[in-house]
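Summary of structural features
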Amino acid sequence: MTQFNRTRLLSSVLVFGCLAFQQGLAEAHAWLPVGPDGGDARSFAMDPSNPNHLFLGTINSWIYETQDGGSSWRRLAKLSKSDDLILDNILVDESDPKTLLVGAWVVDHPDGGLFISHDTGKTWTSVDAMKGQSIRALSQSASNPRMLVAGTLRGVFQSDDDGVQWKQITPPGSTELHEVESIAIDQKDPKTIYAGTWHLPWKTTDGGTSWHNIKQGLIDDSDVFSIIIDPRQTNVVYTSACSGIYKSENGGENYHKIQGIPSTARRTRVLMQDPVNSAVVYAGTTEGLYKTIDNGSTWQRMTGPDVIINDVHVDPKNPQHVLLATDRSGVLESSDSAVSFKASNAGFSERQVTTLLVDASSPRTIYVGVVNDKTYGGVFVSNDNGATWKQQSEGLEGRDIFTLAQAADGSIWAGTNAGIFRWAGTTWQSSGKVMKTVTKSSYVVRKGKRTKTEQSQLVPAGDLIGRVSSLDVRGSLWSAATSRGVYTSSNQGASWQGGPVLAKSDFLMVAGHETTVLAGQRNSLVLSSDGGKNWQPLGMPDRMTFVRAMAIDPDGGFWVAGREGVFFSQDNGQSWNALSTLPISDISGMTYDSELKRLVVTSFNSTWILGIDPASRTWKWWDAGWLVRNVHSSGGRLVAATQYNGVVIQPEETTMTAAVGSQQ
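Keep in mind it's a predicted model, so treat the numbers as computed, not measured.

Along the chain, the position of Arg522 falls in the loop between strand S48 (516-521) and strand S49 (524-528). It is 43 Å that separates the C-alpha atoms of Arg522 and Glu333, two residues lying 189 residues apart in sequence. The residues contacting Arg522, other than those within four sequence positions of it, are Leu508, Met509, Met540, Thr545, Phe546, Val547 and Arg548.

In structure tokens:
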């Protein structure tokens, strides 16, 4: 796999680094993750002593587990403080099921590593010998369980002592045997190893002393995503590549392309053989799941073409039970050999939440907007403080959601990657009709004198179809920051006027107060005092180079926040002051919460949340235990959106911590 789509140790004289990860960081977090369920799931691994005990890898450093065959999941452990480890390979040691090994890699960066737990995931250590390795494949020998083989961007590595020591068994610096995406070890002969690279497969029969390319019958330069060997007939090898699925009956020396799968679905990410019936093979592709029951002679698609599959699990005790790890739709479960599937994501929350809204009249009702999930995403709503969720995306047609806002009349509005939408009770309706002012001239003749008159009127100018990053719909004048400029509405969103401001188009933030509109890009601010009719540039605060959030408090004070901290102005942006003694920096978000009567501020590098009183400039704080954004009050509790871990909510018994600072 050449690219991952989705718009994320202390050394010692011992073999292992001494960094240890505590069991399930979720248990150490004060705030509770509550969903919404679903998102990107990457890989499965089964406990050989208990087929109902499975582990699940993600794209943000987390491992989940299930004790009931996938009906429900819980967070087990996070292998990094960052959210950027892709966990595509999890192994449960066949000889010691308490031992888990996880290979990780990082998107767009040659980094990753190998992590080991000897207590079923309670604690973890990083393997110093594989530190920094981008591990794309990991396999254990069936005939010699102490032998492990890993495929990395640098080549193939092997351990003969349960993962303690590692050595490279492909030529270091090879111009061809690198970027290894898949590994398979012959079940009977551990010296026979197959390695699939981003440019065709290779094979060794002497444990890596020598390698030869096995490409006869394959289309040149095929990325090899998966290799499986029939355990009963080890000369039968299936290989999936970007150019399709291939089968060999002589140990990979000659391949023939399997027919029956459309060329549009040729990116087969995983092959999985039924552990009971070897004639049954599943192919997980970027356009659904395919299945053969006759050793690959014919294939049938078992899901819709919109399902992107990363891994397949077939229950060895009940082969009719099949699980899929997918992009966007999380885990899908079948109890009838893949004839039908249903979502099985209880407790699994990996959606990329970009915005959160608590209903003003019903504080137990929470709305969230997500991105990158197409028809599986959009907007989700919970009416019970996150205990249960339902998708509420009818009419959005797969659009990404960047902002949600609620007007004084209770209506819900969404800013998307393509326009503004309003929730109409059963569906979202486009509400971005743009009007423009047109001046018409006419002439009249009076007493022999020709006089010119001009009359202005609003005429339709199409729909607002650009990205809408920010909406302010609280007062009588509404405003929107979009990729096509700043727009305002004086009729509750029935129509909008605006466009580029001072020759600039791509705006990300907006805040309004009466007829004042403050708007911003990452490195510039503009101000209108007459409802968007006229604009003027506004100076940035000293030392500030990057703006991420802005707000106007109820008294009309301006607030901007970003990489360099939080700044405020009491004279409409003519001068700025810094809250220089704040305990957090690198601000990720800021919004005014009417229930708290405070500006709520979050950070990219701290789990602290600050509630700033705009009048006294004192603050109180909470430790959410998560890096969060978009924090709101919800019936006396705080609820927040994380970037990759869904929504987290403050426990009921938690109370506000005393103020820790002030600035006059």
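From this point on, the discussion continues.
For the rest of this paragraph, the subject is the layout of surface pockets. Looking at the second largest pocket, its volume works out to about 1700 Å³. Taken together, 46 residues form the lining of the second largest pocket, with Leu91, Leu138, Ser139, Ile228 and Met272 sitting closest to its centre. Within the residue set of the lining of the second largest pocket, elements represented by two or more residues are strand S4 (43-47), strand S8 (85-92), strand S12 (135-140), strand S16 (180-185), strand S20 (224-229), strand S24 (268-273) and strand S28 (309-314). Across the lining of the second largest pocket, the residue classes tally to 26 nonpolar, 11 polar and 9 charged.

The next subject is the pairing of strand S56 (residues 598-603). Where burial is concerned, most of S56 is hidden: 6 out of the 6 residues are buried. Across the two faces of S56 the burial is the same, with Arg598, Val600 and Thr602 and Leu599, Val601 and Ser603 all buried. The antiparallel pairing of strand S55 (residues 587-593) with S56 creates a hairpin that spans 4 residues between the two strands, and Lys597 there sits at a positive phi of about 60 degrees. By the bridge criterion, 3 bridges tie S56 to strand S57 (residues 608-612) in an arrangement that is antiparallel. Its bridge partner being in S57, Leu599 is matched across the sheet by Ile612. If you look at the hairpin formed by S56 and S57, you'll find 4 residues sitting between the two strands.

A separate point is the packing of aromatic side chains. A complete count under the given rule lists 8 aromatic pairs for this structure. Taken together through their ring pairs, the aromatic side chains of Trp413, Trp478 and Trp496 make up a single cluster. Sitting above the plane of the Trp62 ring, Arg75 keeps its charged end 4.9 Å from the centroid. One Lys or Arg, Arg136, reaches over the ring of Trp105 and ends 3.8 Å from the middle of that ring.

Residue position: Asn372 is located in the loop between strand S34 (366-371) and strand S35 (379-382). At 3.0 Å, the side chain of Asn372 forms a polar contact with the side chain of Gln352.

Tracing the sequence through the fold places Asp230 in the loop between S20 and strand S21 (237-241). The side chain of Asp230 sits in the buried core without any salt bridge; Arg232 is the nearest counter-charge, 4.5 Å away. If sequence neighbours within four positions are ignored, Asp230 has contacts with Gln187, Val236, Gln273 and Ser278.

The predicted model of the chain has a mean per-residue pLDDT of 91, with 92% of residues at 70 or higher. Segment residues 1-29: pLDDT under 50, and 80 contacts once partners within four positions in sequence are set aside and those in other chains are kept.

This paragraph deals with the pattern of salt bridges. Pairing of side chains with opposite charge becomes possible as their charged atoms draw close. Enumeration over the complete set of coordinates arrives at 15 salt bridges. Arg146 is the partner of Asp162 in a salt bridge, and the nearest nitrogen-oxygen pair spans 2.9 Å. You can see Asp162 sitting in the loop between strand S14 (156-159) and strand S15 (167-168) and its partner Arg146 sitting in the loop between S12 and strand S13 (148-152), a full 16 residues away along the chain. For Asp162, a relative accessible area of 27% translates into the label partly exposed. Taking relative accessible area as the criterion, Arg146 reaches 43% and is therefore assigned partly exposed. Between Glu253 and Lys203 there is a salt bridge whose closest N-O contact spans 3.9 Å. Of the two residues, Glu253 is situated in the loop between strand S22 (244-248) and strand S23 (256-257) and Lys203 in strand S18 (residues 200-204); the sequence distance between them amounts to 50 residues. A relative accessible area of 8% means that Lys203 is categorised as buried. Shared partners join several salt bridges into a network, and the residues in it are Arg42, Asp88, Arg269 and Asp327.

About the cut-offs
Residues numbered from 1 in each chain as written. Predicted model: local features only at pLDDT ≥ 70, side-chain atom pairs only at ≥ 80, totals over all residues. Heavy atoms only, no water. Helix = DSSP H or I, 4+ residues; strand = E, 2+ residues; numbered from the N terminus. Contact = heavy atoms within 4.5 Å. 1 Å grid on protein atoms, 1.4 Å probe; cavity = no way out; pocket = protein on both sides within 12 Å on 5 of 7 lines; lining within 4 Å. Points joined across faces, edges and corners; volume = space filled by probe spheres on them. Nonpolar A, V, L, I, M, F, W, Y, C, P; charged D, E, K, R; others polar. Buried < 20%, exposed > 50% of the residue type's maximum accessible area, 1.4 Å probe, protein only. Pairing = 2+ DSSP bridges. Phe/Tyr/Trp six-rings, centres within 6.5 Å; stacked < 30°, edge-to-face > 60°. Lys NZ or Arg CZ within 6 Å of the ring centre and 35° of its normal. Polar contact = N/O pair within 3.5 Å; in protein donor to acceptor, adjacent residues only side chain to side chain. Lys, Arg positive; Asp, Glu negative; His and termini not counted. Salt bridge = Lys/Arg side-chain N within 4 Å of Asp/Glu carboxyl O. pLDDT = per-residue confidence, 0-100.

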